[in-house]
Amino acid sequence: MNLLNFDEVTDIVNNRLIGSKLYIFGAGKMGNQLRETMAFLKLDNFEGFVDNSAEKQMTGWKGHEVISLEEYLKNDSSSIIIICCSRKNRSAIEEQLLSSGLKNNIDFFTDTFFRTNILPAYVLCKYKKAYMSIAQICVTERCTLHCKKCAHGCGHVAADSIDMSLPNVKRSADEFFRNIDYVEYFHLIGGEPLLYRELAEAVDYIGEKYGHQMYRLCVTTNGTILPNEELLNALKRQNVLCYISNYKKTIPALSDRYDALERILKEHQIDYIIDDYEQEWTDYGFDSLDRGFFKDGELISEEPPEELIRVFGQCKTPCREIRGNKLFYCVQARACAENMGFQVGKEDFLDISTLDDSYDSKRKLTMFEMGYIEKGYLDMCNYCYGAEREQHPVRVAEQL
């Protein structure tokens, strides 16, 4: 649940962050990614890095100054730290800052809190623009695999299921970028998006028309299909980042296919990331959990379900989805509701065709991005573990 209401967040942004010097604690890959995001959004108050590495304090990082915490503490009180590091190191750095007299969510923020609870409001307050972290178009629900615990329920989709039409893909992008000024990562996903025959045309259309409004256009694939020459050329033209889900520990037969895919992408100078999954996913619970607030698709509680509000508030997934004029807060909730036959959540979207370029519309989009939705929950929270899915590990990509 949000600890602050939206007006309190904007007060923090206007009175504390705008005009302050921003330092990133963590001169590494994650810290540099946040710095690049800030540069993309034209935030002009990034000052440098803080890091405990004496070597980086001597040499700098990515052309920027790196200082020790002791040096940072000599600054005036208008400076703010954003912790940007791996989860395993975060607690130690938080404790280091707290023991130095700095206050959490006042003098410093974690990267996750800053991105989800501060950055959208910062862009709204400073530039009157709407920013989202991650948004997606699901071009097909079909998949080459049938994973038992697929978070999109794709194992329940027939092989002859109809994909989103190319005109609807284009319309979805048009509606999204007409309203959203900046998105950090815009993904074309599935199912398996390489099953989508018009993927190359979709990539070119979105990249050419809206590349200036996104930090990176991405395609997420399970690596089972090798891209053809037409798609490879489009991926390179639009500087697409390919996310490859690595399932070879569960499905060893895929190893050769991953090797071939890497080789092809390298030959064509296309950026890619292979997710290094271990042996466990987390179970969202869509195929087994029922909190009991719905019967035959109807809410049976007369009062707002506090349990569902709690689940939604603790989860706050960053994954938005655009389908035509409908902006869905949670792509997993929309996909599983449809693919697995749930009769709920059909109205859990924001109709962005009703919005315009006014501040009120930008504010509405920003509040939606930050999880301030009127109902306080999504219907599919009734069937989802939310943030508690971490307590329910399952084997990666185990097949039905």
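See the structure printed just above.
Residues numbered from 1 in each chain as written. Predicted model: local features only at pLDDT ≥ 70, side-chain atom pairs only at ≥ 80, totals over all residues. Heavy atoms only, no water.

Some thoughts on the overall build of the protein
In step 1: Of the regular secondary structure elements, the protein holds 13 helices and 17 strands.
In step 2: Looking at the protein as a whole, 55% of its 400 residues are labelled buried.
In step 3: Counted over contacts in the protein with a minimum sequence separation of 6, partners at least 24 positions apart contribute 78%.
In step 4: Surface accessibility of the protein: about 18,600 Å² in total, with carbon and sulfur atoms responsible for 48%.
In step 5: The averaged location of the 62 negative side-chain charges in the protein is 3 Å from the averaged location of its 47 positive side-chain charges. (Helix = DSSP H or I, 4+ residues; strand = E, 2+ residues; numbered from the N terminus. Buried < 20%, exposed > 50% of the residue type's maximum accessible area, 1.4 Å probe, protein only. Contact = heavy atoms within 4.5 Å. Areas by Shrake-Rupley, 256 points an atom, 1.4 Å probe, with all protein chains shown as cover. Lys, Arg positive; Asp, Glu negative; His and termini not counted. Charge placed at Lys NZ, Arg CZ, Asp CG, Glu CD.)

Side note on the pattern of salt bridges
Think of it this way: side chains of opposite charge can pair up when their charged atoms draw near.
In step 1: Under the defined criterion, the tally for this structure stands at 29 salt bridges.
In step 2: Between glutamate 71 and lysine 74 there is a salt bridge; the shortest N-O distance is 3.5 Å.
In step 3: On the basis of relative accessibility, which here comes to 64%, the residue lysine 74 falls in the exposed class.
In step 4: The closest approach of N and O atoms between lysine 149 and aspartate 283, which form a salt bridge, is 3.1 Å. Of this pair, lysine 149 sits in the loop between strand 6 (131–138) and helix 7 (166–179) while aspartate 283 sits in the loop between strand 11 (280–282) and strand 12 (294–295); the two residues are 134 residues apart in sequence, bridging distant segments of the chain. The pair lysine 149 / aspartate 283 is uniform in exposure class, with both members buried.
In step 5: Here the residues in one salt-bridge network are Glu141, Glu321, Arg323, Arg334 and Glu338, joined through shared partners. (Salt bridge = Lys/Arg side-chain N within 4 Å of Asp/Glu carboxyl O.)

Focus: the side chain of asparagine 179
In step 1: Looking at the secondary structure, you find asparagine 179 in helix 7.
In step 2: For asparagine 179, a relative accessible area of 1% translates into the label buried.
In step 3: Here isoleucine 352 takes part through its backbone oxygen, which lies 3.4 Å from a polar atom of the side chain of asparagine 179.
In step 4: Contacts of asparagine 179, omitting those with residues within four sequence positions, involve Ala130, Ile352, Leu355, Asp356, Lys362 and Leu365. (Polar contact = N/O pair within 3.5 Å; in protein donor to acceptor, adjacent residues only side chain to side chain.)

Some points on unusual backbone geometry
In step 1: Here lysine 62, not a glycine, exhibits a phi torsion of approximately 55°, which is positive.
In step 2: With respect to the helices and strands, the residue lysine 62 is situated in the loop between helix 3 (54–59) and strand 3 (66–67).

Quick word on the side chain of aspartate 204
In step 1: Along the chain, the position of aspartate 204 falls in helix 8 (residues 199–210).
In step 2: Looking at aspartate 204, its side chain comes within polar contact range of the side chain of arginine 237, at 2.6 Å.
In step 3: Side-chain polar atoms of aspartate 204 contact the side chain of glutamine 238, separated by 2.8 Å.
In step 4: Filtering out sequence-adjacent residues up to four positions away, aspartate 204 remains in contact with Ala234, Arg237 and Gln238.

Description of the sheet that holds strand 4 (residues 80–83)
In step 1: Within the open sheet, the five strands sit side by side as 3-2-1-4-5. Their pairing is parallel. Of all strands in the sheet, those bounded by a partner on one side alone are strand 3 and strand 5 (108–110).
In step 2: Looking at chain direction, strand 4 and strand 5 are connected through three bridges and run parallel. In the strand pairing of strand 5, isoleucine 81 is matched with phenylalanine 108.
In step 3: Across the sheet, helix 6 (residues 111–127) touches strand 1 (22–25), strand 4 and strand 5, and the angle it forms with strand 5 is around 90°. (Pairing = 2+ DSSP bridges. Axes fitted to C-alpha atoms, helices over the stretch in contact; angles between N-to-C directions.)

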